[in-house]
Amino acid sequence: MITLIKSIIWIVGTLVIAYYALGIFGYQVNKQYFSYSKQQCEKKFKDCGTKIIARNKNLSDCSFRCLDPKLIIKKK
């Protein structure tokens, strides 16, 4: 149990240090990206589902790639 707590503290500490280090090097974290991306991703899934049902399309025709890491951390 203590090992788990120590691991969580190390992970959180590393993330906090990385967040401030990004700011020092001229980058910023786009905090609103995940809520916006979630809405867009849900829309893509619904559209793809209706296309598959309506036209008997293959599942490989749909793109399930929703997150773009280049948009999460961007240059100031």
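As shown above, the structure is provided for reference.
From a predicted model like this one, the values you see are computed outputs, not experimental measurements. Think of each chain on its own: its residues are numbered from 1, step by step along the sequence as written. Note on the predicted model: pLDDT of at least 70 is required for a residue's local features to be given, and 80 or more for side-chain atom pairs to be given and counted; whole-chain, interface and lining totals, by contrast, use all residues. Working from all heavy atoms in the structure, the side-chain values ignore hydrogens and water.

Right, let's get into the overall build of the protein. Runs of H or I in DSSP of at least four residues are treated as helices and runs of E of at least two as strands, each being numbered from the N terminus. In terms of helices and strands, the protein carries three helices and two strands. Between buried and exposed lies partly exposed: a residue is buried under 20% and exposed over 50% of the maximum accessible area for its type, with that area taken using a 1.4 Å probe on protein chains only. Relative to its 76 residues, the protein shows a buried fraction of 11%. The contact criterion used throughout is that any non-hydrogen atoms of two residues lie within 4.5 Å. Pairs at least 24 apart in sequence give 70% of the contacts found in the protein among residues at least 6 apart. Accessible surface is estimated by sampling points in the Shrake-Rupley manner with a 1.4 Å probe; for residues, cover comes only from the protein chains shown. Of the roughly 6900 Å² of accessible surface on the protein, a fraction of 65% belongs to carbon and sulfur atoms.

To describe a pair of aromatic rings, one takes the distance between the centres and the angle between the planes. Think of it this way: a Phe, Tyr or Trp ring, Trp meaning its six-membered ring, pairs with another when their centres are within 6.5 Å, and the plane angle makes it stacked under 30 degrees, edge-to-face over 60, tilted otherwise. This structure, assessed with the given rule, holds one aromatic pair. Lying over the aromatic face of tyrosine 27, lysine 75 brings its terminal NZ or CZ to 4.7 Å of the ring centre. Distance and angle both matter: a charge sits over a ring if NZ of Lys or CZ of Arg is within 6 Å of the ring centre and within 35 degrees of the ring normal.

Bringing a nonpolar patch on the surface into the picture now. A cluster of nonpolar residues, Met1, Leu4, Ile5, Ile8, Ile9, Val12, Val16, Tyr19 and Tyr20, forms a patch on the protein surface that exposes about 950 Å² of accessible area. Residue isoleucine 9 is classed as exposed on the basis of its relative accessible area of 58%. Patch membership requires more than 30% relative accessible area and the absence of a salt bridge. Residues of like charge join within 9 Å; the nonpolar side chains Val, Leu, Ile, Met, Phe, Trp and Tyr join within 5 Å. Salt bridges are identified by distance alone: a Lys or Arg side-chain nitrogen within 4 Å of an Asp or Glu carboxyl oxygen.

Our next topic: the environment of lysine 76. Looking at the secondary structure, you find lysine 76 in the segment after β2 (73–75). With relative accessibility at 64%, the residue lysine 76 sits in the exposed group. Sequence spacing of lysine 76 and glycine 23 is 53 residues, and the spatial spacing of their C-alpha atoms is 8.8 Å. Other than its neighbours up to four places away in sequence, lysine 76 contacts Gly23, Gly26, Tyr27 and Gln28.

Here we come to the environment of threonine 14. Among the structural elements, threonine 14 can be located in helix α1 (residues 2–24). Under the relative-accessibility criterion, threonine 14 is labelled partly exposed at 48%. Within the structure, the side chain of threonine 14 is placed 2.7 Å from the backbone oxygen of tryptophan 10, a separation counted as a polar contact. Two N or O atoms count as a polar contact when they lie within 3.5 Å, although within protein this holds only if one can serve as hydrogen donor and the other as acceptor, and sequence-adjacent residues are included solely when both atoms are side-chain atoms.

Moving on: the side chain of asparagine 30. Mapped onto the elements of the fold, asparagine 30 is located in the loop between β1 (27–29) and α2 (33–55). Its relative accessible area of 19% is what places asparagine 30 among the buried residues. Those residues in contact with asparagine 30 that sit more than four places away from it in its chain are Leu71, Ile72 and Lys74.

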